[in-house]
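# An overview of the molecular structure
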Amino acid sequence: MDKYQFLTVLSALLFTMGLAGVVVRRNLLVVMMCLEIMLNAVVLSFVTFAVRSQTLAGVAMTFFIYVAASCEIALAMAIVVLLLRHRCSLDLAAHQDLKG
Amino acid sequence: MGGVMLLFFSLLAVLFTVLVITLRQPMRAALSLVGLMVSLAAIYACLGAHVVAIFQVLIYVGAVMVFMVYTIMLLDDRDTSYRQVFSRLALPAAAVASLVAAALWLLLGSLPSVPVPAEGGGVSFTFSAFSVAFMRHYWFHFELATVLLLVGIIAAWAAIKEGSNG
């Protein structure tokens, strides 16, 4: 296994662990952090393939992922503050009625 | 030496990821996430993608995570999610995650090794080379990204204002 395969496996591992964190944790903020882990795993795979293929397209894509992540976190934190204000809880179980 | 550093920071990244998922207090989880971001930046630097390493530290650690830490400090997080960390789906999720990780390991580990391109034939991942190529090929996407940022700011402001009005 060369280093590019190793990093691809690492990104897959980080993505899986982030997904598991989204499922198992109850705290809204920690769920957001696990989503960030998943996003970073995707960025890692983009960079790995960009370096592997010696092209700048993957690196440019990471720039746009960072922009999207910044927007996402700004909106998500606003929603978290609103949810906390309405329900006084960060527990996902307190927001069950949001589904569907 | 580069391979050893890559392995070291990869292990560090996995360790910090485990800490984010398992730690009880959100602030400690956030600090572990900062450690993960820095480890990934070090991996990018080891790969020679210095521009992404700089982005990772400046944007993620310097902006996104600081924003998240501020939010955690503003909120009182000692509710039921503080006492009971994991949901009822913890065991099934851990089992499925283990299976998915094992499947990915087997799948990706069995892929054939592709020959590396010849030296000097590729592009440089320095900041200046990236800036020139970015503004030459992706200037329109960059403008769209600025619009997206503006829309994000307006949306966050509108959400907070709507919540304040009831």
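Refer to the preceding data block for the structure.
In short, a report on the structure. Here the structure is a predicted model, which is why all the values come from computation and not from measurement. (Residues numbered from 1 in each chain as written. Chains lettered and ligands numbered in written order. Predicted model: local features only at pLDDT ≥ 70, side-chain atom pairs only at ≥ 80, totals over all residues. Heavy atoms only, no water.)

### Examining the overall build of chain B
In terms of helices and strands, chain B carries seven helices and zero strands. Each helix (α) and strand (β) of chain B, taken in turn from the N terminus, gives the series α-α-α-α-α-α-α. Counting every position in chain B, which comprises 166 residues, the buried fraction comes to 34%. Partitioning the contacts of chain B with sequence separation of at least 6, the portion at a separation of at least 24 is 61%. (Helix = DSSP H or I, 4+ residues; strand = E, 2+ residues; numbered from the N terminus. Buried < 20%, exposed > 50% of the residue type's maximum accessible area, 1.4 Å probe, protein only. Contact = heavy atoms within 4.5 Å.)

### Examining the interface of chain A and chain B
Taken residue by residue, the interface counts 66 residues in chain A and 82 residues in chain B. Surface buried jointly by chain A and chain B totals about 6,600 Å² across both partners, of which 78% is contributed by carbon and sulfur atoms. In this assembly, chain A and chain B are joined by six residue pairs in polar contact (both at pLDDT 80 or more). With 23 residues, helix 3 (residues 57-87) of chain A is the single largest residue contributor to the side of chain A that touches chain B. Grouping the amino acids of the side of chain A that touches chain B by side-chain chemistry returns 46 nonpolar, 12 polar and eight charged. (Buried area = accessible area lost by both parts, 1.4 Å probe. Polar contact = N/O pair within 3.5 Å; in protein donor to acceptor, adjacent residues only side chain to side chain. Nonpolar A, V, L, I, M, F, W, Y, C, P; charged D, E, K, R; others polar.)

### With respect to the packing of aromatic side chains
Counted according to the given criterion, the structure contains 13 aromatic pairs over all chains. Ring centres of B:Phe8 and B:Phe9 lie 5.2 Å apart, and the angle between their planes is 65°; on these two criteria the pair is classed as edge-to-face. Residue classification places B:Phe9 among the buried positions, given a relative accessible area of 16%. Through a chain of ring-to-ring contacts, three or more aromatic side chains come together here, namely A:Phe63, A:Phe64, A:Tyr66, B:Phe55, B:Tyr60, B:Phe130, B:Phe134, B:Tyr138 and B:Phe142. For the cation-ring pair, A:Arg52 lies above A:Tyr4, with the distance from its terminal atom to the ring centre recorded as 5.6 Å. (Phe/Tyr/Trp six-rings, centres within 6.5 Å; stacked < 30°, edge-to-face > 60°. Lys NZ or Arg CZ within 6 Å of the ring centre and 35° of its normal.)

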